[in-house]
Amino acid sequence: MAATFFGEVVRAPCRAGSEDEEEEEARRETPEDQEVRQQLMRKREVRLLRRQTKTSLGVSLLEKYPCSKFIIAIGNNAVAFMSSFVMNSGIWEEVGCAKLWNEWCRTTDAISLSPTEAFCVFYHLVSNPSVLLCQCSCYVAEDQQYQWLEKVFGSCPKKNMQVTILTCRHITDYKTSESTCSLPSPFLRALKTQNFKDSACCSLLEQPNIVHDLPAAVLSYCQVWQIPAILYLCYTDVMKLDPITVEAFKPVLASKSLKGLAKNIPQSTEMLKKLMTTNEIQSNIYT
């Protein structure tokens, strides 16, 4: 067993006999099996599109839209926070979307997005196009994460930008010597790359805690490419869309990346209430 920089545990591959086994499997595979496998691989491909025209961007997102600040909200509560407190305070233009399919997620084709749908959409700030924002409410499977990173960051990303990631995990994932029942849920923790020199807006994530899924992949990618990046992880006992969990991200508004982007907090709070109401209506199958 081995662990990466951010603590994800991986099995060290054993090559003894593996090549022979792969060759034997390939010999046993029928043309029909190969066709099915290739179809599945094509179906699981991550594509970057212009959502309105459904045409490919052709190059990675950051090659086409270079930025100095890249903010990535992953999960319903992080997306709701950015929608209510940041996107509500300025004019944002959509520049692309990630189209993907897996066992847990199928991104929507709808032009008008709702909180209950799965999507991964990218925007830039019209008044300052060097600020890029990703709203990702869909699950990106392990075998799709590298594709996502290549399509978004490219094969040789620039280092003169700062990446900020927001996401949530259930409080039972938080490792501590005290009972999680005594912890004030929700609460924030931060994890940053070595090149991130600014101060965090909350306490740093303590060992032996680790991060998971797409947030871990983005942070590891930034560490390898020496891109300044920080992850704000909200531990909560409510994983569905929840106003208290959404507002737990508020300290991040004071960070260098988000400072000045949220201009009207009372209006943003009202926007969050409307978003919650819309979500409750759309989640009710009897409505």
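Refer to the preceding data block for the structure.
Counting starts from 1 at the beginning of each chain's written sequence and moves along it residue by residue. In keeping with the model being predicted, local features are shown solely for residues with a pLDDT of at least 70 and side-chain atom pairs are shown and tallied solely at 80 or more, while totals for entire chains, interfaces and linings include all residues. With hydrogens and water stripped out, all remaining heavy atoms of the structure feed into the side-chain values.

J.: Quick one: what's the story with the pattern of salt bridges, residue by residue and with numbers?
T.: The rule for a salt bridge is simple: a side-chain nitrogen of Lys or Arg has to be within 4 Å of a carboxyl oxygen of Asp or Glu. Per the stated rule, a full pass over the model turns up six salt bridges. A salt bridge links glutamate 45 to lysine 151; its shortest N-O distance comes to 3.9 Å. Remark: lysine 151 occurs in helix α5 (residues 142–153) and glutamate 45 occurs in the loop between α2 (31–43) and β3 (47–50); sequence separation between them is 106 residues. Relative accessible area serves as the criterion here: at 36%, glutamate 45 is assigned to the partly exposed category. On the accessibility criterion, lysine 151 (28% relative accessible area) is partly exposed. One salt-bridge network, held together by shared partners, links Arg44, Glu103 and Asp143. A helix here means a DSSP run of H or I that spans at least four residues, while a strand means a run of E at least two residues long, and both kinds are numbered starting from the N terminus. Using a 1.4 Å probe on the protein chains alone, a residue whose accessible area is under 20% of its type maximum counts as buried, one over 50% counts as exposed, and one in between counts as partly exposed.

J.: So what's going on with helix α4 (residues 76–85)? Which residues, and what values?
T.: The element α4 is largely enclosed, with a buried count of eight among its 10 residues. Of all the residues in α4, the buried ones are Asn77, Ala78, Val79, Ala80, Phe81, Met82, Ser84 and Phe85.

J.: Help me get a handle on the nonpolar core, residues and values and all.
T.: Generally speaking, nonpolar side chains in soluble globular proteins are found buried as a group. By convention a nonpolar core is built from buried Ala, Val, Leu, Ile, Met, Phe, Trp, Tyr and Cys residues, the set being connected through side-chain atoms within 4.5 Å. Phe70, Phe122, Trp148, Phe153, Val163 and Val218 are the most contacted members of the largest nonpolar core, which totals 48 residues. Broken down by element, the residue count for this core peaks at seven residues, all from helix α6 (residues 213–224). Ala73, Leu125, Leu188 and Ala262 belong to the second largest nonpolar core, which has 36 residues in total.

J.: Outline unusual backbone geometry, supporting the account with residue identities and numerical values.
T.: The omega torsion of the bond from serine 185 to proline 186 falls at 0 degrees, within 30 degrees of zero and hence cis. Mapped onto the fold, proline 186 is located in the loop between β9 (162–170) and β10 (187–192). Phi is positive for aspartate 213, close to 60 degrees, though the residue is something other than glycine. Residue class for aspartate 213 comes out partly exposed when judged on its relative accessible area of 35%. Here glutamine 226, not a glycine, exhibits a phi torsion of approximately 60 degrees, which is positive.

J.: How would you summarise the state of the cysteines if you had to cite specific residues and measurements?
T.: Disulfides are defined in this document as cysteine sulfur pairs within 2.5 Å. Applying the stated criterion to the full structure yields zero disulfides. Free cysteine: cysteine 97, not disulfide-bonded; nearest cysteine sulfur from cysteine 120 at 8.1 Å. The exposure class assigned to cysteine 97 is buried, which follows from its relative accessible area of 7%.

J.: Residues and numbers for the sheet that holds strand β5 (residues 69–74), please.
T.: One open sheet accounts for nine strands, arranged β4-β3-β6-β7-β8-β5-β9-β11-β10; its pairing is mixed. With partners counted over all chains shown, the strands left at the sheet margins are β4 (55–56) and β10, one partner each. The pairing of β10 with strand β11 (residues 229–236) spans six bridges and is classified as antiparallel. In the sheet register, leucine 188 faces β11, and the bridge partner there is cysteine 234. It only takes one pair of heavy atoms within 4.5 Å for two residues to be counted as in contact. Each axis is a line fitted through C-alpha atoms, taken for helices only over the stretch in contact, and angles between the N-to-C directions span 0 to 180 degrees. Across the sheet, α5 touches β3, β5, β6 (92–99), β7 (120–125), β8 (128–136) and β9, and the angle it forms with β5 is around 150 degrees. The strands that α6 touches are β5, β8, β9, β10 and β11; relative to β9, the one it contacts most, it runs at about 150 degrees. Strand pairing is defined by DSSP finding a minimum of two bridges between the two strands.

J.: Please give an account of α6 that cites residues and values.
T.: A helix is expected to span 1.5 Å for every residue after the first. Taking 1.5 Å per residue as the helical rise, α6 with its 12 residues ought to reach 16 Å, and the 17 Å between its terminal C-alpha atoms agrees with that figure. Among the 12 residues of α6, nine are classified as buried, and the element is accordingly described as predominantly covered. Leu214, Pro215, Ala216, Ala217, Val218, Leu219, Tyr221, Cys222 and Gln223 are the residues of α6 that are buried. Buried residues belonging to α6 abut β5, β8, α5, β9, β10 and β11.

J.: How would you sum up the packing of aromatic side chains? Please name residues and give values.
T.: The pairing test for Phe, Tyr and Trp rings, Trp by its six-membered ring, is centres within 6.5 Å, and the orientation test on the planes gives stacked under 30 degrees, edge-to-face over 60, and tilted for anything in between. Scanning the model with the defined rule gives nine aromatic pairs in all. Centre to centre, the rings of phenylalanine 153 and tyrosine 221 are 5.1 Å apart; their planes meet at 45 degrees, and the pair counts as tilted. Highlighted residues: phenylalanine 153 in helix α5 and tyrosine 221 in helix α6, separated in sequence by 68 residues. With respect to class, phenylalanine 153 is no different from tyrosine 221; both count as buried.

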